[in-house]
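# Commentary on secondary and tertiary structure
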Amino acid sequence: MKDHHIKTNHIQLHYIEYPAPGKPKLLMLHGITANAHAFDGVIRAGLGDDFHIYSPDLRGRGESDKPAFGYSMEEHARDIIGLLDHLGIEKAVLCGHSFGGLLSAYLSANFPERVAALILLDAAHELNPNAARMLLPTFSRLGVLYPSFDVYLRMMKKAPQNTFWDEAMESYYRADVHIDKNGITQTNSNLANITAMAVGLTSMPWATIFEHIHQPAILLNALGIYTMEQALLPANLAKKATKLIENCEYAVIDGNHQTMLYGKGAREIVAAIRVFYKKVKHLVPEDKTVPANG
C-alpha cells in the first residue's frame, strides 16, 4: 500500500495505491461518509491479487482537502478526472460503493470517453424510501468527540449496521478519524459537508443519468438487513436500476450495505469482479499508466 497526495480541481486529493505490477487498473470510489480504506476487506479477500487498485479519499473525507463549499457531483467528478489524468489512465474501470457508485454512474454518463466499464456496489437511482432514517446511525458518528480511539472503536463495533466484525474494519475506522494530543477522537468528515452532499443527491436526475450509461455494467446488491429490519437497497429497486442501464448485469451479494465489503460478501464481490472483467477487458485501452510519485 502506498499513500499519495496530488493537486486536482483546486484541492489536494489523497489516494491509496495497492500496486500489482502488470495487472489491470481498477479505480474504487467509496461511500458518502467513508474513506479510501473502505475497500480493505475486498482487497484482502483477493482483489489486490488480480488488480492494481487506486482508492481516493473523496473531497471532504479522509486526508483529502475539506473545502467549505463545492460538494456537487460535478466537483467530485472533476476531482476524479484530474486523478485519471495524473495516473495516465485513458479509460478507467470504475468500482463504486453507495455514493461512490453514484459518482461512478455520473462519470460514466457525463465523461463516457473516460470510462470503460462500471461496477456498482449497492448503488442505484433510488434507495429504500426509509433511507434517511436508516442512515442515521452512520451519520450520527460525525462530529462527535470521543475520549479515545478505543472508545470510538467500541461504539463502531456496536453500531447496528455492523452485524459482524471483521479485522479489516479497524483500518477503515482508524482512517475515519483524527486524534489530538490528548487522545480526543473525532471523525475527519464534517457533518455539514456530508449533509450538503446528501441534500444535493436528492436534486439529481438519477434515472436519466442511469439511462445515459452505455458502458457494460454490473450491479452487486446486498439484501441483508442494514437498519430498521430492512435492506438499504431492496432487490426491486436494484433490478429497476439495471433495466435503466443499456447493458447491466445483476447479482446478489452476502451481507448488508456495509458488511458486504467484508467476509463472505467481500469474497463474492471479488469473484464477481473477476468474471465481469474478463467480459470487458477488450474495452480497456492498452495500459500507458505512468507510475505515481506524488
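So, how was this worked out
Think of each chain on its own: its residues are numbered from 1, step by step along the sequence as written. Owing to the predicted nature of the model, reporting of local features is limited to residues with pLDDT of at least 70; listing and counting of side-chain atom pairs is limited to 80 or more, with chain, interface and lining totals taken over all residues. The side-chain quantities take in all heavy atoms of the structure and omit both hydrogens and water. Being paired, for any two strands, means DSSP has found at least two bridges between them. In this description a helix means any DSSP run of H or I spanning at least four residues, a strand means any run of E spanning at least two, and both kinds are numbered starting from the N terminus. Think of each axis as a best-fit line through the C-alpha atoms, taken over the contacting stretch in the case of a helix, with angles from 0 to 180 degrees between the N-to-C directions. Residue contacts follow a heavy-atom distance rule, with two residues in contact if any of their heavy atoms lie within 4.5 Å. Grouping buried Ala, Val, Leu, Ile, Met, Phe, Trp, Tyr and Cys residues that are joined through side-chain atoms within 4.5 Å yields what is termed a nonpolar core. Relative accessible area decides the class of each residue, using a 1.4 Å probe on protein chains only: under 20% of the type maximum gives buried, over 50% gives exposed, and in between gives partly exposed. Within 6.5 Å between ring centres, the rings of Phe, Tyr and Trp (the latter by its six-membered ring) count as paired, and their orientation is classed by plane angle as stacked under 30 degrees, edge-to-face over 60, tilted in between. Our definition puts a charge over a ring when NZ of Lys or CZ of Arg is within 6 Å of the ring centre and also within 35 degrees of the ring normal. Note on definitions: salt bridges are taken to be side-chain nitrogens of Lys or Arg within 4 Å of carboxyl oxygens of Asp or Glu.

Right, let's get into the sheet that holds strand β1 (residues 2–8). Pairing within the open sheet is mixed, and its eight strands lie in the order β1-β2-β4-β3-β5-β6-β9-β10. Lying at the two open borders of the sheet, with one neighbouring strand each, are β1 and β10 (248–253). Neighbour-to-neighbour, the strand axes of the sheet open up by a mean angle of 25 degrees, direction not taken into account. Looking at chain direction, strand β3 (residues 25–29) and strand β5 (residues 92–97) are connected through three bridges and run parallel. Paired with L29 across the two strands is G96, which belongs to β5. This element, helix α1 (residues 40–50), spans β2 (11–18), β3 and β4 (52–56) of the sheet and lies at about 170 degrees to β4.

Moving on: the nonpolar core. Membership of the largest hydrophobic core comes to 54 residues, with the highest contact counts inside it found for L27, M73, I80, L103, L107, W206 and F210. If you tally residues by element for this core, the top one is helix α2 (residues 73–87), at seven residues. One finds L26, F51, I119 and Y277 within the second-largest nonpolar core, a separate group that totals 44 residues.

All told, the structure shown has seven aromatic pairs when counted by the stated rule. With a centroid separation of 5.0 Å and an interplanar angle of 70 degrees, the aromatic rings of Y146 and Y152 are classed as edge-to-face. Y152 gets classed as buried once you look at its relative accessible area, which sits at 0%. Plain terms: the ring middles of Y152 and Y173 are 6.1 Å apart, the flat faces sit at 70 degrees to each other, and that makes the pair edge-to-face. Here Y152, found in helix α6 (residues 149–158), pairs with Y173, found in helix α7 (residues 168–174); they are 21 residues apart in sequence, far enough to count as distant. Among the residues examined, Y173 registers a relative accessible area of 2% and is labelled buried. An aromatic cluster of three or more residues is present, and its members are Y146, F149, Y152, W165, Y172 and Y173. The cationic tip of R61 hangs over the ring face of F99; the distance from NZ or CZ to the ring centre is 4.9 Å.

For the rest of this paragraph, the subject is the pattern of salt bridges. Enumeration over the complete set of coordinates arrives at nine salt bridges. With a shortest N-O distance of 3.3 Å, E167 and R44 are connected by a salt bridge. One end of the pair, E167, is in the loop between α6 and α7; the other, R44, is in helix α1, with 123 residues separating them in the sequence. The salt bridge involving D85 is made with R114; its shortest N-O contact spans 2.8 Å. One end of the pair, D85, is in helix α2; the other, R114, is in the loop between α3 (99–110) and β6 (115–121), and 29 residues separate them in sequence. On the accessibility criterion, R114 (14% relative accessible area) is buried.

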